[in-house]
Amino acid sequence: MFRGVKSLRLDQLQCRLTDKIMAVIIKARITALIIVEIISFFPLHSAKSPVIPPVKNITSDNWHHILEGEWMVKFFAPWCPACQQVGPVWSKLALKADELGINVGEVDTTIEPALSGRFMVLSLPTIYHVKNGEFRLFKGSRSLKGFMAFIKDQKWRDIEPLPWWKSPGSYLMGFLGLMFKLSVLLQNLHELLTVTYGVPVWGSYTIFGVVVVATGLLLGMGIVFLSDCILGAPSYPVPVQPMRKVIKEEPEEEDDGDGGDGKEVIKENEGNKTDQTEVRKRVAASTEQ
């Protein structure tokens, strides 16, 4: 019995030691995790904030921002060699923006075709100077000194601003921008049909033609239906012909002759003619009264 009690105490001691060892191990793990978290926390807060690029990207969503303040906006395409030459100069101009008191932006025409249509971009690169909603097309030296002199010396005052109907904020230029965007969408759809799905070129054009004709018919029917619903169907008066007195004339008597050529000879009755003339005169006089 004494041995049983002794073995029981040994088991209890072993359990206590095991619990203490496990507690120490758990505390060590927790301490290690806390140290790792602290070490990983400080580099995140000590890291530098991302550098904001000096050249502002203008899109269809934020282009209205250039209507306020003074801006220099460049329209470019990545494949354009002249645009690639102006690119480094444009970045240097953006670094001088705070000194000049302006904003410097750029528009990628391959991504924003609607803006290229709205601003009537016909050549690349195209540079606009914008001052409180007035747009002027930049024409001058595309060097850093040329750009800075254009702003500092206010050479933009010598350039006539765009008229209101050509201003990018007008409804006309907005509609033109939508047409540019639609043309790009149609071009992408044409490439999708011909390249991806293997549709021949003439088949793609046929599909576009059928869609255009069907769309025109549907729009025409819709306009006619709406006009009938709003204005009502047009009613045309039935023309009424005036009543006329019809005088039946008796057929003239025809006498058969014994001519040598076998033809019928019609003899006019002068007495009947005079009677008919008198009747016509009386009818005309009665109608005039």
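Identification of the chain as Thioredoxin domain-containing protein from Pocillopora damicornis is taken from an unreviewed UniProt entry. Quoted verbatim from the Subcellular location (unreviewed entry) heading of the UniProt record, the comment on the chain is "Endoplasmic reticulum membrane".

Once that is clear, we can look at helix α2 (residues 81-95). In the structure, α2 departs most strongly from a straight axis at G87, where the bend amounts to approximately 35° and where the proline P88 lies between one and four residues downstream. Turning to α2, the residues buried within the fold contact β2 (70-76), α3 (97-100), β3 (103-108), β4 (126-131) and α5 (144-152).

Moving on: the packing of helix α6 (residues 171-196) against helix α7 (residues 201-231). Interhelical geometry of α6 versus α7 gives an angle of 135° and a closest axis separation of 9 Å. Relative to α7, the element α6 lies oblique. The crossing of α6 and α7 is right-handed. Contact residues: α6 offers L186, L189, H190, L193 and T194, while α7 offers V201, S204, Y205 and F208. Partitioning the contact of α6 with α7 into residue classes produces six nonpolar, three polar and no charged.

Okay, the UniProt feature "transmembrane region" (unreviewed entry) in the chain next. Mapped onto this structure's residue numbering, the UniProt feature "transmembrane region" (unreviewed entry) falls at residues 171-189 and 201-226. The span residues 171-189 is 100% helix and 0% strand, and its two end C-alpha atoms sit 27 Å from each other. As annotated, residues 201-226 comprises 100% helix and 0% strand, and the C-alpha atoms at either end are separated by 37 Å.

A few words now on the packing of aromatic side chains. Evaluation of the coordinates by the stated rule reveals eight aromatic pairs. A centroid spacing of 5.6 Å and a plane angle of 75° characterise the contact between F119 and F135, whose relative ring orientation is edge-to-face. Of the two residues, F119 is situated in the loop between α4 (113-118) and β4 and F135 in strand β5 (residues 134-137); the sequence distance between them amounts to 16 residues. Each member of the pair, F119 as well as F135, is classed as buried. Pairing F138 with F147 gives two aromatic rings, centres 5.1 Å apart and planes at 40°, and the pair type is tilted. Among the aromatic residues, ring-to-ring pairing joins W63, F75, F119, Y128 and F135 into one connected group. In this structure, K74 is placed above the aromatic ring of F76, and the distance from its NZ or CZ to the ring centre is 4.9 Å.

Applying the stated criterion across every chain, the model contains five salt bridges. In this structure, K96 and E99 form a salt bridge, with 3.9 Å as the shortest nitrogen-oxygen distance. What makes E99 exposed here is its relative accessible area of 54%. One continuous salt-bridge network, built from bridges that share partners, spans K96, E99 and K152.

The rules behind these values
- Residues numbered from 1 in each chain as written.
- Predicted model: local features only at pLDDT ≥ 70, side-chain atom pairs only at ≥ 80, totals over all residues.
- Heavy atoms only, no water.
- UniProt positions renumbered as here; feature names shortened; annotations may be inferred.
- Bend = angle between axes of the 7 residues up to and from the residue.
- Helix = DSSP H or I, 4+ residues; strand = E, 2+ residues; numbered from the N terminus.
- Contact = heavy atoms within 4.5 Å.
- Axes fitted to C-alpha atoms, helices over the stretch in contact; angles between N-to-C directions.
- Parallel < 35°, antiparallel > 145°, perpendicular 65-115°, else oblique.
- Left-handed = near helix turned anticlockwise from the far one by under 90°.
- Nonpolar A, V, L, I, M, F, W, Y, C, P; charged D, E, K, R; others polar.
- Phe/Tyr/Trp six-rings, centres within 6.5 Å; stacked < 30°, edge-to-face > 60°.
- Buried < 20%, exposed > 50% of the residue type's maximum accessible area, 1.4 Å probe, protein only.
- Lys NZ or Arg CZ within 6 Å of the ring centre and 35° of its normal.
- Salt bridge = Lys/Arg side-chain N within 4 Å of Asp/Glu carboxyl O.

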